[in-house]
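Given next are the chains, with one letter for each unit.
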Amino acid sequence: MRVLVITGAGVSAESGIPTFRGRDGYWRNLDPIKLATPEAFARDPELVWQWYRERRQRIRNARPNAAHEAIVKLAQYADEFLLVTQNVDDLHERAGLAKAELVQIHGDIFVTKCSRCDLDRHDYEQEHEHEEGQENGVPRCTKCDMLMRPGVVWFGEALPAPETERVENYLQRDSCGVVIVAGTTATFGYIIDWALRASHHGAELIEVNPEETPLSRFATRLVREPAAIALPRLVDKLTS
């Protein structure tokens, strides 16, 4: 069985990581949606970095939940498996999912990359916290001296081409038997597009979300519960 799983912020929320759009998403009374933009970084890079450092710390302190663990179990059972996540945290990986089966379509919060050249470093912050090369708490590129930024996709930016290619290649290779979309508001068109294309040969399309989303009307099964409650039960049924 070929499986595609798509996850969003609702899966990480159950590990204590606030969603952008929820009431708990606000940070120092600031709207994260307004902070996660190239314009906000150009205007106040230090403020943006303060927010991302706090988010990184919160993620380091978080633990994978039952939804992450259920997805790993499903990956081990499937003949071929791909998880596409909108989450920039490392909880899927820490739960035991192989990097080869994981696409972080919105980037990785633990990557620090140059805002101009191609230099990027994984967890640059932890390694360089006390070194020179940071101006007002904003790291500078050792190659071209430009400001470095978190390695995430901000609002208004294009998705990373290598990651979208991995999803496209998976979809083009063969049809899927099961598609699960969990914990995402499905407000981005490409989420719906990928879910529908993966399920177009009659695969079951299961949406796991307490709320209705734009994807709901296309789903063959709706599970109106949080992912950490619904996914373990769902995966047990699929793998038994």
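Being a predicted model, the structure only gives us computed values, none of them experimental.

### Description of the overall build of the protein
Each helix and strand counted, the protein has 10 helices and 11 strands in total. Relative to its 240 residues, the protein shows a buried fraction of 49%. Summarising the internal contacts of the protein: among those between residues at least 6 apart in sequence, 64% fall at separations of at least 24. Accessible surface, the protein: about 11600 Å² in total, of which carbon and sulfur atoms supply 49%.

### A look at empty space enclosed by the protein
Applying the stated criterion to the full structure yields one cavity of 30 Å³ or more. Among the elements of the structure, helix 6 (91–94) and strand 3 (102–104) are those that each provide at least two residues to the lining of the largest cavity. Considering only residue class, the lining of the largest cavity consists of one nonpolar, four polar and three charged.

### Some details on the pairing of strand 10 (residues 204–208)
Here strand 10 lies mainly inside the structure; four of its five residues are buried. In the sheet, strand 9 (residues 178–182) pairs with strand 10 via five bridges, with the strands oriented parallel. For Ile 180, the partnering residue across the bridge sits in strand 10 and is Ile 206. Here three bridges tie strand 10 to strand 11 (residues 221–223), and the two strands are oriented parallel to one another. Bridge pairing in strand 11 links Glu 207 to Leu 222.

Conventions adopted
Residues numbered from 1 in each chain as written. Predicted model: local features only at pLDDT ≥ 70, side-chain atom pairs only at ≥ 80, totals over all residues. Heavy atoms only, no water. Helix = DSSP H or I, 4+ residues; strand = E, 2+ residues; numbered from the N terminus. Buried < 20%, exposed > 50% of the residue type's maximum accessible area, 1.4 Å probe, protein only. Contact = heavy atoms within 4.5 Å. Areas by Shrake-Rupley, 256 points an atom, 1.4 Å probe, with all protein chains shown as cover. 1 Å grid on protein atoms, 1.4 Å probe; cavity = no way out; pocket = protein on both sides within 12 Å on 5 of 7 lines; lining within 4 Å. Points joined across faces, edges and corners; volume = space filled by probe spheres on them. Nonpolar A, V, L, I, M, F, W, Y, C, P; charged D, E, K, R; others polar. Pairing = 2+ DSSP bridges.

Nothing here speaks to function; it is all geometry.
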